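# Structure assessment
Next come the chains, spelled out residue by residue.
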Amino acid sequence: MSRDDKPGFPHGGSPNSDRTSPDFSVLLDSVRDQDSVSGETAESQDTGGETSQIGQRKDLNSAEIRTQSLTEVADIDRMYFLKREAVEKRIRERMEHIKSTLSSCKPKTIHLTPIPLYQINEMQMSWCPVFKSGSTTWKMYFIDKLVPTHKSYNLKELDKRKLRIRLKGGSRGISLFNEREGNKRFTVVRHPLSRLISHAQNAAKDSQMIAMEKEWIARAILDNREKLIKSYKDKNEYQNEFRDYFLWLRSKRKGEFRITKGNVFLEPPYPILDDLINHIIRTDAHNGHWAPASRWCKLCEVDYDYIIKLEEEPLELWYLLEQLGLWQDRALFLKRANSSQHPANMTDSDIFERNLRSLNNRQRAWVNKYFYDDFVLFGYEKLKLESGILNDNPFVEFDKSAFW
């Protein structure tokens, strides 16, 4: 199948005919049954009766669906049936926009370069994990399916499946070693700032503090907060206490650790968004957890069949699972997604806005520039620069309890 073909049903539905596809006649019966039980039939609507529950949901977007906690597969199935055509149209238009925008892109990848695209040849698909965009759910799913003797859910379990670029003649001069012809390539993306927020939040966990201490956390905190210390003596004492804190974490919090009042390196004792962004600005460090999705997944070099948005789940996820022939496993994806929900009264929008307010204009402008291609390709709105926000915004702390 040509990579120039448009995604969606014109190719004949699911690319994997040997696996389960949705029976929309059953979904239609389900919708009718629910309308019948509730007494809210089409006739009552025509005569001014109340709108049915399904009718009320019909105009909801994916964020509102999540807000209403529609976690039951049957509920989402009914919603997907009603909005399937619109979902398909949105994804098709997104892929056409991406293809058109990248039409003049010139690949710069060197021959045999490994890329973070994993072949799942047995299932006729290839997947690029964009970190902090729901990649853990997909990673766990593939490891469970493909590595039954796995010892962990580390992505290294799939390392042997990582693809390499092969330069050749033809369309754009690119192919991939060991990828089965006809594999559907896909990824899931997310608003760039939401990814940064998620990474900062996740880094506050003890296990992540230990794992990423030397990678970026220690350096980010020390460099970003030292400007708040006036005394050289205090700086040395605070740094030593900061290192002792990591030793205490590795000892699994044996005993009590007393933090000296005023030690900014440990107030709070974990990285926040301000630390992370200033670290990337200062060091220009490259890391898959914050790399732009378009660059990480090599969109200039590699053509994708489906790119869905995390913000548009579960409906776009349902569509993707249908196209990949994974419809029968949708409950597994929903279960894992629901296992990492936010605390009560904290929505994605709340967390986004709270963190956005903590950023100064210099940081906002950096986000817009660093993730420029992601904003353009995936249709995300850039961060607005606000008047009255100082460009030298002082250290801003958030309440960890609000996120856990």
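Residues numbered from 1 in each chain as written. Predicted model: local features only at pLDDT ≥ 70, side-chain atom pairs only at ≥ 80, totals over all residues. Heavy atoms only, no water.

The next subject is the overall build of the protein. A tally of regular secondary structure across the protein gives 17 helices and 6 strands. Taken over 404 residues, the protein has a buried fraction of 49%. When contacts within the protein are restricted to residue pairs at least 6 apart in sequence, long-range pairs at least 24 apart make up 75% of them. As displayed, the protein has an accessible area near 20800 Å², and 48% of this comes from carbon and sulfur atoms. (Helix = DSSP H or I, 4+ residues; strand = E, 2+ residues; numbered from the N terminus. Buried < 20%, exposed > 50% of the residue type's maximum accessible area, 1.4 Å probe, protein only. Contact = heavy atoms within 4.5 Å. Areas by Shrake-Rupley, 256 points an atom, 1.4 Å probe, with all protein chains shown as cover.)

Right, let's get into helix H11 (residues 273–283). In terms of residue burial, H11 counts as a mostly covered element, since 8 of its 11 residues are buried. The set of residues buried in H11 consists of Leu273, Asp274, Asp275, Leu276, Ile277, Asn278, His279 and Ile280. Buried residues belonging to H11 abut helix H7 (192–203), helix H9 (213–225), helix H15 (348–357) and helix H16 (361–370). Downstream of H11 by a residue or two, aspartate 284 has a phi angle that is positive, lying close to 55°.

This brings us to the state of the cysteines. Inspection of the entire model under this criterion finds 2 disulfides. Covalently, cysteine 105 is tied to cysteine 300 through a disulfide, its sulfur atoms 1.6 Å apart. The sign of the -120° torsion about the S-S bond sets the cysteine 105-cysteine 300 disulfide as left-handed. Of this pair, cysteine 105 sits in the loop between helix H5 (73–101) and strand E1 (114–120) while cysteine 300 sits in the loop between helix H12 (293–296) and strand E6 (306–309), and the two are 195 residues apart along the sequence. Of the residues examined, cysteine 105 reaches a relative accessible area of 25% and is grouped as partly exposed. You can call cysteine 300 buried: its relative accessible area is 14%. What pairs with cysteine 128 in a disulfide is cysteine 297, and their sulfur atoms sit 2.0 Å apart. (Disulfide = S-S within 2.5 Å.)

Applying the stated rule across the entire model yields 21 aromatic pairs. Each ring, one from tryptophan 138 and one from phenylalanine 186, has its centre 4.8 Å from the other, and the planes form 55°; the classification is tilted. Of this pair, tryptophan 138 sits in helix H6 (residues 135–146) while phenylalanine 186 sits in strand E5 (residues 184–189), and the two are 48 residues apart along the sequence. Judged by relative accessible area, phenylalanine 186 falls into the buried class, the value being 0%. (Phe/Tyr/Trp six-rings, centres within 6.5 Å; stacked < 30°, edge-to-face > 60°.)

For the pair H5 and helix H13 (residues 315–324), interaxial distance at closest approach is 7 Å and the crossing angle is 80°. When the interaxial angle is binned, H5 and H13 end up roughly perpendicular. Across the interface between the two elements, Val73, Ile76, Asp77, Met79, Tyr80, Lys83, Arg84, Val87, Glu88, Arg90, Ile91 and Arg94 from H5 touch Leu315, Glu316, Trp318, Tyr319 and Glu322 from H13. Classifying every residue of the contact of H5 with H13 gives 9 nonpolar, no polar and 8 charged. (Axes fitted to C-alpha atoms, helices over the stretch in contact; angles between N-to-C directions. Parallel < 35°, antiparallel > 145°, perpendicular 65-115°, else oblique. Nonpolar A, V, L, I, M, F, W, Y, C, P; charged D, E, K, R; others polar.)

Once that is clear, we can look at H16. Within H16, 7 of the 10 residues are buried, which leaves the element mostly enclosed by the surrounding structure. Each element contacted by the buried residues of H16 is listed here: H7, H11, H12, H15 and helix H17 (372–378). Regarding H16, its N-cap is asparagine 360, as a side-chain oxygen of that residue lies 3.0 Å from the backbone nitrogen of arginine 362 further along. (Polar contact = N/O pair within 3.5 Å; in protein donor to acceptor, adjacent residues only side chain to side chain.)

With respect to the helices, strands and loops of the structure, lysine 335 is situated in helix H14 (residues 330–338). Taking the C-alpha atoms as reference, lysine 335 lies 9.3 Å from threonine 137; in sequence the two are 198 residues apart.

How two helices pack is summed up by the angle between their axes together with the distance between the axes. One can describe the packing of H9 onto helix H10 (residues 232–250) by two numbers: an axis separation of 11 Å at closest approach and a directional angle of 145°. Here H9 and H10 pass one another in a crossing that is right-handed. Only Gln239, Phe242, Phe246 and Arg250 of H10 make contact with H9, whose side of the interface consists of Glu213, Ile217, Ala218, Ile221 and Leu222. In the contact of H9 with H10, the residues fall into 6 nonpolar, 1 polar and 2 charged. (Left-handed = near helix turned anticlockwise from the far one by under 90°.)

With that settled, the discussion passes to the side chain of aspartate 374. Position of aspartate 374 among the secondary structure elements: in helix H17. Here aspartate 374 occupies a buried position and makes no salt bridge, while the nearest side chain of opposite charge, arginine 195, is found at 4.4 Å. (Lys, Arg positive; Asp, Glu negative; His and termini not counted. Salt bridge = Lys/Arg side-chain N within 4 Å of Asp/Glu carboxyl O.)

Right, let's talk about the confidence of the model for the protein for a bit. For the protein, the average pLDDT comes to 80, and 72% of its residues sit at 70 or higher. Between the elements of the protein, mean pLDDT differs from a low of 31, seen in helix H3 (residues 53–57), to a high of 98, seen in E6. Scored below 50 in pLDDT, residues 64–70 shows 16 contacts in the model against residues more than four places distant or in partner chains. Within the model, the stretch residues 169–173 combines pLDDT values under 50 with 9 contacts to residues more than four positions away or in other chains. (pLDDT = per-residue confidence, 0-100.)

The amide bond that connects glutamate 267 to the next residue, proline 268, takes the cis arrangement and shows omega of 5°. Checked against the element boundaries, proline 268 lands in the loop between H10 and H11. Here the residue pair glutamate 313 and proline 314 is connected by a cis peptide bond, since its omega of 15° sits within 30 degrees of zero. For proline 314, the location among the structural elements is in the loop between E6 and H13. The phi dihedral of lysine 252 is positive, around 60°, even though this residue is not glycine. Relative to the elements of secondary structure, lysine 252 occurs in the loop between H10 and H11. Owing to a relative accessible area of 74%, lysine 252 belongs among the exposed residues under this scheme. With phi around 60°, arginine 253 is a residue other than glycine that occupies positive phi space. Tracing the sequence through the fold places arginine 253 in the loop between H10 and H11.

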